[in-house]
Amino acid sequence: MCRFAQKAPLEVLGNGLKSEMSTASTTMNPDTSPQEPDLSQTSQADNTAAAASEPNLSAQLAAVQASHDELSDAFLRAKAEAENTRRRADEEMSKARKFAIESFADSLLPVKDSLEAAIALPNATPEQLLEGVHATLRQLTVALDRNKVLAIAPPPGTKFDPHQHQAISVVPAEQDANTVVAVLQKGYLIADRVLRPALVTVAASK
């Protein structure tokens, strides 16, 4: 009986160990381990996203190219217009320099005609010649006025202006010092610019 009593607990122990080993084997079975991520699905998703972004990039590139073409065309047009404007300005300046005295010369032609007419009268009397000279002087005055050539003829007592007057001498006079006494030769202005100053005598200091 003792042999049977000792053998029974050993069998129980052996059965327990087998049960534990079976459980451990089930736990370590590769089929029950966590599944790894599917790389093929990830790659397919990336390819799909890339394919979807390609039309957007193409559209953006086309828009940039169109904008570039438009700006290039505008630049070329503006450059051509600037060149045309500069060329026209150069032509106008050249014509202005070439024909600057055209109007003045045209206004002097009647004066020349009057002088030639006076010379063509061999038997003219002094009175006729004097009348012709006065008429010619009027024509010359009109021509100068038309071209803004104005006389500088300050009346006596005018304060001396070194910009328009040239003092020939200083003389004693019953008037304020440094004023014009007499005009010996008229001066002339053209568009506020002195062509020549008036020759004057100036009152001396008392």
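## Here's the deal with the nonpolar core
Formed by Ile-152, Phe-160, Val-180, Leu-189, Ala-198, Val-200 and Val-202, the largest nonpolar core amounts to seven residues. If you tally residues by element for this core, the top one is strand S6 (residues 198-203), at three residues. Residues within four places of Ile-152 in sequence aside, it is in contact with Gln-164, His-165, Lys-186, Gly-187, Tyr-188, Leu-189, Arg-196 and Ala-198.

## Observations regarding the confidence of the model for the chain
Of all residues in the chain, 73% have pLDDT values of 70 or greater, and the mean over the chain is 80. Counting contacts from residues 1-10, a segment whose pLDDT is below 50, to residues more than four positions away or on other chains yields zero contacts. The low-confidence segment residues 24-34 (pLDDT under 50) makes two contacts with residues lying over four places distant or belonging to another chain.

## As for the pattern of salt bridges
Scanning the model with the defined rule gives five salt bridges in all. Of the charged contacts in the structure, one is a salt bridge between Arg-77 and Asp-73, with a shortest N-O distance of 2.9 Å. Pair noted here: Arg-77 and Asp-73 are both in helix H2 (residues 39-98), with a separation of four residues, about one helical turn. Given the relative accessible area of 39%, Asp-73 is considered partly exposed. The residue Arg-86 makes a salt bridge to Glu-83 at a minimum N-O spacing of 3.1 Å. Linking Arg-86 with Glu-83, this pair stays in helix H2, spanning three residues, or about one helical turn. Judged by relative accessible area, which is 46%, Arg-86 ranks as partly exposed. Since its relative accessible area comes to 38%, Glu-83 is described here as partly exposed. Connected through shared salt-bridge partners, Glu-83, Arg-86 and Asp-90 make up one network.

## Focus on the environment of Val-194
Among the secondary structure elements, Val-194 is positioned in strand S5 (residues 193-196). Distance in space between the C-alpha atoms of Val-194 and Ile-152 is 9.0 Å, their sequence separation being 42 residues. Residues contacting Val-194, with those up to four places away along its chain left out, are His-163, Gln-164, Tyr-188 and Leu-189.

## Thoughts on the sheet that holds S5
Strand order in the open sheet formed by three strands is S1-S4-S5, with antiparallel pairing between adjacent strands. The open sheet has two edge strands, strand S1 (149-152) and S5, and neither has a second partner. Strand-to-strand twist in this sheet, taken as the mean axis angle between neighbours without regard to direction, amounts to 35°. By the bridge criterion, four bridges tie S1 to strand S4 (residues 187-190) in an arrangement that is antiparallel. What sits directly across from Ala-151, in S4, is Tyr-188.

## Observations regarding the side chain of Ser-107
For Ser-107, the position within the fold is in helix H3 (residues 102-119). According to the relative accessible area criterion, Ser-107 is buried, its value standing at 5%. Reaching out from Ser-107, the side chain makes a polar contact with the backbone oxygen of Phe-104 at a distance of 2.7 Å. Not counting residues within four places of it along the chain, the set of residues in contact with Ser-107 comprises Ala-143, Arg-146 and Asn-147.

## Quick notes on the sheet that holds strand S2 (residues 165-171)
Read from one edge of the open sheet, three strands run S2-S6-S3, paired in mixed fashion. Both outer strands of the open sheet, S2 and strand S3 (180-185), are each paired with one neighbouring strand and no more. For this sheet, the mean inter-axis angle between neighbouring strands, taken without regard to orientation, is 30°. Sheet analysis places S2 next to S6, joined by six bridges and oriented parallel. When the bridges of S6 are listed, Val-170 appears paired with Val-202.

## As for unusual backbone geometry
At Lys-148, a position not held by glycine, the phi torsion is positive, near 60°. Residue placement: Lys-148 occurs in the loop between helix H4 (126-146) and S1. The backbone of Ala-191 shows a phi angle near 55°, a positive value even though the residue is not glycine.

What counts, and at which threshold
- Every chain begins its residue count from 1, and numbering advances along the sequence as written.
- Totals for whole chains, interfaces and linings use every residue, but because this is a predicted model, local features are given only for residues with pLDDT of at least 70 and side-chain atom pairs only at 80 or more, for both listing and counting.
- Note: side-chain values were computed over all heavy atoms of the structure, leaving out hydrogens and water.
- Side-chain atoms within 4.5 Å link the members of a nonpolar core, which is a set of buried Ala, Val, Leu, Ile, Met, Phe, Trp, Tyr and Cys residues.
- Only protein chains enter the area calculation, which uses a 1.4 Å probe; residues under 20% of their type maximum are buried, those over 50% are exposed, and those in between are partly exposed.
- Put simply, DSSP marks the helices as runs of H or I at least four residues long and the strands as runs of E at least two long, and each gets a number from the N terminus on.
- The contact definition used throughout considers only heavy atoms, calling two residues in contact when any of these lie within 4.5 Å.
- Predictor confidence is given residue by residue as pLDDT, running from a minimum of 0 to a maximum of 100.
- When a carboxyl oxygen of Asp or Glu is within 4 Å of a side-chain nitrogen of Lys or Arg, the pair counts as a salt bridge.
- A pair of strands is labelled paired if DSSP reports no fewer than 2 bridges between them.
- To obtain an axis, a line is fitted to C-alpha atoms, over the contacting stretch when the element is a helix, and the angle between two such axes runs from 0 to 180 degrees between their N-to-C directions.
- N or O atoms closer than or at 3.5 Å make up a polar contact, with two conditions inside protein: a donor-capable atom paired with an acceptor-capable one, and, for residues adjacent in sequence, both atoms drawn from side chains.

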